[in-house]
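Chain residues, written in single-letter form:
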Amino acid sequence: MPSEKFKLAVLVSGRGSNLQAIIDSIEKNNLAAEISLILSNEPDSYALQRGKKHGLESVFLNPKNFPSRDDYEKQMIELLQTKSIDLVCLAGFMRILGKEFIEAFSGKIINIHPSLLPAFPGLNVQEKALEHGAKFSGCTVHFVNEEVDDGAIILQAIVPILDEDDVQSLSDRILEQEHITYSEAIRLIIEDNLEFYGRRVIRKTRGN
Ligand code: GRF
């Protein structure tokens, strides 16, 4: 009997290019997983359309229908638990998750951020990197804890900042790396190929 696939939920708010990269990795058999749910807090998120195009359950959960953030997150928790989600992937999800949600999926929530954390957490990070005069930026896939962009780092990719870069050109080159790095990090988790030493996350084996 074939074993059950590793179940991903992808939480999105916008364009969904990272979601697309994960979908593509799965469809090319580079990732032994299935996306059991795509959840957006924004009705017009293009990510929802991408999901639907690939026949994936793509849900807009309207925060305005809930009296508080806690109530909204309770509903999210319930939805994800119904689907027996193994890993929650934040991909441009523009809400900060509360304690209850993080505890409900402890160690099972990851995020991708377009800088080399801990440099430049938060928003508008390419602008910040350029203004700061940094010579390198990149992207980081990390576990999610209660602080913003703070959890243990799984993988990073470095992108040089060129003299002629502006926010757009730098964002574009970082995004290319995001699309590769996010799937790699998910694969390490699926394959149970990570060891934890405090905040340090190390690969058990150095494969390809
Ligand atoms: C990406 O740059 C990601 O690092 C950040 O939000 C952006 C989402 O882009 N967290 P997309 O929706 O995946 O295209």
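Everything numeric here is computed off the predicted structure, so don't read it as measured data.

Caption draft 1: Expanded view of the packing of helix α1 (residues 17-27) against helix α6 (residues 167-190). The contact between α1 and α6 brings their axes to 9 Å, and the two run at 50°. By the angle between their axes, α1 is oblique relative to α6. For the element pair α1 and α6, the recorded crossing hand is right-handed. Of α6, the residues touching α1 (which contributes S17, N18, A21, I22 and S25) are L175, E178, H179, Y182, S183 and I186. Tallied by class, the residues present in the contact of α1 with α6 amount to five nonpolar, five polar and one charged.

Caption draft 2: Representation of the sheet that holds strand β3 (residues 58-60). Strand order in the open sheet formed by seven strands is β3-β2-β1-β4-β5-β6-β7, and the pairing between neighbours is mixed. Since the sheet does not close on itself, it has two edges, and those belong to β3 and β7 (153-160), each with one partner. With strand direction ignored, the average angle separating the axes of adjacent strands in the sheet is 20°. Note that strand β6 (residues 136-143) and β7 share seven bridges and pair antiparallel. Residue C139 lies in a different strand from β7, and its bridge partner there is A157. Running at roughly 150° to β3, helix α2 (residues 46-53) makes contact with β1 (6-12), β2 (33-40) and β3 of the sheet. Across the face of the sheet, α6 comes into contact with β1, β2, β4 (87-90), β5 (109-113), β6 and β7 while running at roughly 155° to β7.

Caption draft 3: Spotlight on the state of the cysteines. Inspection of every chain in the model, using the stated rule, returns zero disulfides. We note that C89 lacks a disulfide partner, and the nearest cysteine sulfur, in C139, lies 14 Å from it. Residue C139 is classed as buried on the basis of its relative accessible area of 0%.

Caption draft 4: Up close: the packing of helix α5 (residues 125-132) against α6. Look at α5 against α6: their axes get within 9 Å of each other, and the N-to-C directions meet at 115°. Our pair here, α5 against α6, has a crossing hand that is right-handed. Facing α5, whose interface residues are Q126, E127 and L130, α6 presents V167, L170, S171 and I174. Residue composition of the contact of α5 with α6, by class: four nonpolar, two polar and one charged.

Caption draft 5: A look at the pattern of salt bridges. Scanning the entire structure with this criterion turns up eight salt bridges. Of the charged contacts in the structure, one is a salt bridge between E103 and K99, with a shortest N-O distance of 3.2 Å. Taken together, the residues span about one helical turn, with E103 and K99 both in helix α4 (residues 99-104) at a distance of four residues. Sharing partners across several salt bridges, the network here consists of E4, K7 and E34.

Caption draft 6: View of the environment of Q156. Tracing the sequence through the fold places Q156 in strand β7. Remark: the alpha-carbon pair of Q156 and Q177, spanning 21 residues in sequence, is separated by 9.1 Å. Each residue touching Q156, except ones within four places of it in the same chain, is listed here: L116, L117, C139 and T140. Polar contacts involving the side chain of Q156 include one to the main-chain carbonyl oxygen of L117, which spans 3.0 Å. A polar side-chain atom of Q156 sits 2.9 Å from a polar atom in the side chain of T140.

Caption draft 7: Broad picture of α6. Along its 24 residues, α6 runs 34 Å from first to last C-alpha, staying within 8% of the 34 Å computed at 1.5 Å per residue. Residues L170, S171, I174, L175, E178, T181, Y182, S183, A185, I186, L188 and I189 constitute the buried set of α6. At the exit of α6 stands D192, carrying a positive phi of roughly 55°.

Rules and cut-offs
- Residues numbered from 1 in each chain as written.
- Predicted model: local features only at pLDDT ≥ 70, side-chain atom pairs only at ≥ 80, totals over all residues.
- Heavy atoms only, no water.
- Axes fitted to C-alpha atoms, helices over the stretch in contact; angles between N-to-C directions.
- Helix = DSSP H or I, 4+ residues; strand = E, 2+ residues; numbered from the N terminus.
- Parallel < 35°, antiparallel > 145°, perpendicular 65-115°, else oblique.
- Left-handed = near helix turned anticlockwise from the far one by under 90°.
- Contact = heavy atoms within 4.5 Å.
- Nonpolar A, V, L, I, M, F, W, Y, C, P; charged D, E, K, R; others polar.
- Pairing = 2+ DSSP bridges.
- Disulfide = S-S within 2.5 Å.
- Buried < 20%, exposed > 50% of the residue type's maximum accessible area, 1.4 Å probe, protein only.
- Salt bridge = Lys/Arg side-chain N within 4 Å of Asp/Glu carboxyl O.
- Polar contact = N/O pair within 3.5 Å; in protein donor to acceptor, adjacent residues only side chain to side chain.
- Expected span 1.5 Å × (residues − 1).

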